[in-house]
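# Fold and contact review
So the chains spell out like this:
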Amino acid sequence: MKTIEKNKVITVALAGNPNTGKSTIFNALTGGRAHVGNWPGVTVEKKEGSFKYNDQSFSVIDLPGTYSLTGYSIDERIARDFIVRKRPDVIVSVTDSTNLERNLYLLTSLIELGVNLILDLNMIDIFEERKGEIDIKKIEEALGIPVVLTSGLKNTGIEKLKDTIIKTGGKNQGYLKIDYGPDIEKAIENVELQLAGINSPYPKRFLALKILEGDIEIIEEIKRQGFDNAVQAGVYETSKLEKEFGFDLETEIIEKRYGLIQSIVRRSVYKPAYAEEKLSTSDKIDRILTNRWLGIPVFALMMWITFQLTFTLGGLFADYIDAFFGWFSGLSSGWLKEINAPSWISSFISNGIIGGVGSVLIFLPNIMILFLLLSFLEDVGYMARAAFVMDRIMHAIGLPGRSFISIILGFGCNVPAVMSTRTISSEKDRLLTILINPFISCSARLPVYLLFTGILFTKNQGLVVFSLYTLGILVAVLSAKLFKWTIPILKGPVSPLVMELPPYRIPSALGVIIHMWERSSLFLKKAGTIIFAGVIVIWFLASFPLSAEYAGEASLAGQLGKFIAPIFRPAGFPFWQAAVALFFGIIAKEIVVGTFGTLFGGEGKLAAVIPVYFSQLSAYSFMVMSLLYIPCIASIGVIYRETNSWKWTAFSVFYSVLAGYLTAVLIYQIGSFLL
Amino acid sequence: MPLTYCKPGEQFQVTSLYGGQGFIKRLFEMGIHPGVILKVIANSGKGPVIVGLDDTRIGLGQGMAGKIMVKPLNIKEGVR
Ligand SMILES: Nc1nc2c(ncn2[C@@H]2O[C@H](COP(=O)(O)OP(=O)(O)OP(=O)(O)O)[C@@H](O)[C@H]2O)c(=O)[nH]1
Ligand SMILES: [Mg+2]
């Protein structure tokens, strides 16, 4: 075991089952902003932070949740690889104290791995509320590791945890040895003998057990080091045991671990026979929300309410923002006149900044409300239920229920949605889930809808926006069917659903607001960077050559747009401004709105200009195109990163352009025929 | 009998699991292993099932529940 020198940074990893509060503890330790949510699988990537305590620096790593060190899916492999390969100085095993037995299974693997461990019994607030009692001394003695009680929510026990981390930092711990019974112990011993002299940071006993458990990665590693004998010994011992006793060795090993945990927990934890009524509130809600007949209608209703609130409530604020920009542009133009600014500067400010960026920012309240509602769904514990409720329908489409979580996340932003597929263990299910996600209408499309529906569909704005969301889902579903049917590697049975359903919790208002603000501030940052840059480019192209009229056909923007525009004739919007908007919308879909703002001379004028160019039908077709065509640059990037394939990334881009164009044309043509 | 046929509100003991190695191991690691006592929380027929393990609730998709064999426990709720 390593000892820690003075002044060295101590690395601390947070490991544990999903949804036990690792990210919450991470935030409490480091003051960080790791994403927290009440469903398993929130964290899918390791996140680093740091803190200082008693002059000692610590580096903390928040890991994805995992039930074991087996590593079925990518997020679990990230956790496993970090623990097993990077060997942090201390591992804090974060557990849910209300569910100790199940939670301690992972701990037994960590103990056998021989790392410096601290057991953190988190959610102690809930445990105490239920009048449970824990004898810490007994658990410490039984397991041979320090135990700390924390509540990430109430922020208690964090100092004690820091203290314990320092004390455990370089200490060689006396580990508990799990006794697997004489027969299996003999087998472990025999395999261990064959491992004499192996160069590995892990105890030989751990390696021997992994061989007997048939852990592929560890076996490969051992073979690489030329210890094939040990592997053969493992195979021999396994078949001998299984023949002699007629049990499955892997099963037997796992059951022995549970047996030990059970006896420890029985001795040291007292839980009152559970308060039926209290506990079952969550169950009662579940009987309704996950009911065969009610589950899906309830979900649809919730989504409908979400979108309704998003723009009715958001609309309330729009006037204020409108007034603000009106005031601001009046002020700035007055000021610019006063200082006799050259005309290109005033054009830049009024068209570029106020017109371009302002026309996007005006939708900030809507976006904030959408994020607020999505955060609420996450924190209240509904996400896992949605996956569960939709499981059957998703299966019919050819997707696992888990994919549904990425669909809901997609309403916020497709980037984290694509990343969330890491929890899907089957590669083909994961790929399919990634490929359909860009059709889910993210918050960046919302400004486009709100701009057009606010001007052209004032009577039935809600219905029109909802229809676009539905259309996105429909295209995703049909594409999934099509891919499943035509692409050979996507064929095959869908992996079944097993998912922990966390208890419903009433989220704290502050928590939801922080959560919402984190995402909204990303939107603001985007407005200040990418959207701003895009708008400057458009303003520039609209202003040059100087001989041409601003935003006229002869400007560079006009020439570019006129080159593309004819292809959009069948879709109903064959003018160059729309072409330019779609062209730059690839960078970020909000730029579609920003472009109109810049080219048509500001947000205030849009209400008058848009109806000149668009009919209701062509506006709808344009919104459909904006929804479906090409994922934005950030999404393309994350699709590449997650599929690790240019081929699939290119496929996604081309397919979506085609799907968007064809759907828009179809809608326009059928519409013109009918109307 | 398979878990699919179990009535909500009753307790059962897991006797065996069927399926691939990976499938079984995953369930074991989540706490569903032979000998463990489950409570069926919701089961609306052939659809998915929610089981309770202590205070944890686990949702099992359609195909899954049918592979978990249980026997009824003749113990009233709340009494061990
Ligand atoms: N009551 C209570 N709730 C907590 C506590 N710690 C965390 N939570 C809540 O538990 C839920 C899960 O917390 P996270 O920190 O996201 O859990 P995680 O372990 O990082 O989850 P994954 O990343 O999905 O593995 C959130 O709703 C938290 O607000 C606690 O000590 N008490
Ligand atoms: Mg987390």
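Rules behind the numbers
- Residues numbered from 1 in each chain as written.
- Chains lettered and ligands numbered in written order.
- Predicted model: local features only at pLDDT ≥ 70, side-chain atom pairs only at ≥ 80, totals over all residues.
- Heavy atoms only, no water.
- Helix = DSSP H or I, 4+ residues; strand = E, 2+ residues; numbered from the N terminus.
- Rg over C-alpha atoms; globule rule 2.2 N^0.38 Å.
- Buried < 20%, exposed > 50% of the residue type's maximum accessible area, 1.4 Å probe, protein only.
- Contact = heavy atoms within 4.5 Å.
- Areas by Shrake-Rupley, 256 points an atom, 1.4 Å probe, with all protein chains shown as cover.
- Lys, Arg positive; Asp, Glu negative; His and termini not counted.
- Charge placed at Lys NZ, Arg CZ, Asp CG, Glu CD.
- Core = buried A, V, L, I, M, F, W, Y, C linked by side-chain atoms within 4.5 Å.
- Domains from an automatic or database assignment.
- Axes fitted to C-alpha atoms, helices over the stretch in contact; angles between N-to-C directions.
- Parallel < 35°, antiparallel > 145°, perpendicular 65-115°, else oblique.
- Nonpolar A, V, L, I, M, F, W, Y, C, P; charged D, E, K, R; others polar.
- Polar contact = N/O pair within 3.5 Å; in protein donor to acceptor, adjacent residues only side chain to side chain.
- Donors = N, O, S within 2.8 Å, 3.2 Å for Na, K, Ca; no water.
- pLDDT = per-residue confidence, 0-100.
- Salt bridge = Lys/Arg side-chain N within 4 Å of Asp/Glu carboxyl O.
- Near = heavy atom within 4 Å.
- Phe/Tyr/Trp six-rings, centres within 6.5 Å; stacked < 30°, edge-to-face > 60°.
- Lys NZ or Arg CZ within 6 Å of the ring centre and 35° of its normal.

All right, on to the overall build of chain A then. Each helix and strand counted, chain A has 29 helices and nine strands in total. Taking 675 residues into account, the globule formula puts the C-alpha radius of gyration at 26 Å, and chain A, at 29 Å, falls close to it. With respect to the three principal axes, the spread of C-alpha positions in chain A is 90 × 55 × 55 Å. For chain A, the residues scored as buried account for 58% of the 675 residues in total. For chain A, the proportion of contacts with a sequence separation of at least 24, taken over those separated by at least 6, is 74%. Looking at chain A as shown, the accessible area adds up to about 28500 Å², and 64% of this sits on carbon and sulfur atoms. Charge separation in chain A, taken as the distance between the mean sites of 63 positive and 59 negative side-chain charges, equals 4 Å.

Note that soluble globular proteins tend to have their nonpolar side chains buried in a common cluster. Ranked by internal contacts, the top residues of the largest apolar core, which has 122 residues, are Phe452, Phe573, Phe596, Phe614 and Phe622 of chain A. The element contributing the most residues to this core is helix 16 (residues 382-397) of chain A, with 10 residues. Among the domains, domain 3 (301-495 + 510-524) and domain 4 (532-674) of chain A are the pair contributing at least three residues each to this core. Not counting residues up to four positions away in its chain, the partners in contact with Phe596 of chain A are Leu451, Phe452, Gln577, Ala578, Ala581, Gly601, Leu606, Phe614 and Phe622 of chain A. Counting residues in each nonpolar core, the second largest holds 87 residues, with Val84 and Val265 of chain A together with Leu3 and Leu60 of chain B among its members.

Residues and elements named next belong to chain A. Two numbers describe how helix 23 (residues 556-564) lies on helix 24 (residues 576-585): the axes approach to 7 Å, and their chain directions differ by 90°. As the angle between them shows, helix 23 and helix 24 are arranged roughly perpendicular. Contact with helix 23, carried on its side by Ala557, Gly558, Leu560, Gly561, Lys562 and Ile564, involves Trp576, Ala579, Val580, Phe583 and Phe584 of helix 24 and no other residues of that element. In the contact of helix 23 with helix 24, the residues fall into eight nonpolar, two polar and one charged.

Before going further, it helps to examine the side chain of Ser426 of chain A. Residue placement: Ser426 of chain A occurs in the loop between helix 18 (414-419) and helix 19 (427-436). Within the structure, the side chain of Ser426 of chain A is placed 3.2 Å from the backbone nitrogen of Asp429 of chain A, a separation counted as a polar contact.

Residues and elements named next belong to chain A. Only Ser23 (OG) and Thr43 (OG1) from the protein reach the magnesium ion (ligand 2) as donors, at distances of 1.9 to 2.0 Å. Here Thr43 lies in the loop between helix 1 (22-30) and strand 2 (47-53) and Ser23 lies in helix 1, a separation of 20 residues in the sequence. Relative accessible area serves as the criterion here: at 8%, Ser23 is assigned to the buried category. Taking the relative accessible area as the measure of exposure, Thr43 reaches 15% and is therefore buried.

Turning our eyes to something else, we now look at the confidence of the model for chain B. For chain B, mean pLDDT is 82; residues scoring 70 or higher make up 89% of the total. Among the prediction metrics, the complex's ipTM stands at 0.90, with pTM recorded as 0.91.

Residue and element names in this part refer to chain A. Scanning all chains against the criterion turns up 33 salt bridges over all chains. For Lys428, the salt bridge identified is with Asp429, shortest N-O distance 3.0 Å. Considered together, Lys428 and Asp429 belong to a single accessibility category, that of buried residues. Note that Glu642 is salt-bridged to Arg641, the shortest N-O span being 3.7 Å.

With that out of the way, let us pick up the site of ligand 1. Residue and element names in this part refer to chain A. Within the structure, ligand 1 sits among 24 residues, and Lys22, Ser23, Thr24, Thr43 and Gly152 are positioned closest to it. Gly41 places a main-chain nitrogen or oxygen 2.8 Å from an oxygen atom of ligand 1. The contact in question runs from an oxygen atom of ligand 1 to an N or O atom on the side chain of Asn122, over 3.2 Å. Taking 660 Å² as the accessible area of ligand 1 by itself, protein coverage stands at 95%. Top contributing element to the shell around ligand 1 by residue count: helix 1, with three residues.

Residue and element names in this part refer to chain A. In the structure shown here, the tally under the stated rule is 34 aromatic pairs over all chains. The interplanar angle of 85° and the centroid separation of 6.1 Å between the aromatic rings of Phe596 and Phe614 together place this pair among those described as edge-to-face. On the criterion of sequence distance, the pair formed by Phe596 in helix 25 (residues 590-599) and Phe614 in the loop between helix 26 (603-613) and helix 27 (616-628) is long-range, its members being 18 residues apart. For Phe596, a relative accessible area of 0% translates into the label buried. Residue classification places Phe614 among the buried residues on the basis of a relative accessible area of 3%. An aromatic cluster of at least three residues, connected via ring pairs, comprises Phe452, Phe568, Phe573, Phe575, Phe596, Phe600, Tyr613, Phe614, Phe622 and Tyr661. Lying over the aromatic face of Tyr504, Arg385 brings its terminal NZ or CZ to 4.0 Å of the ring centre.

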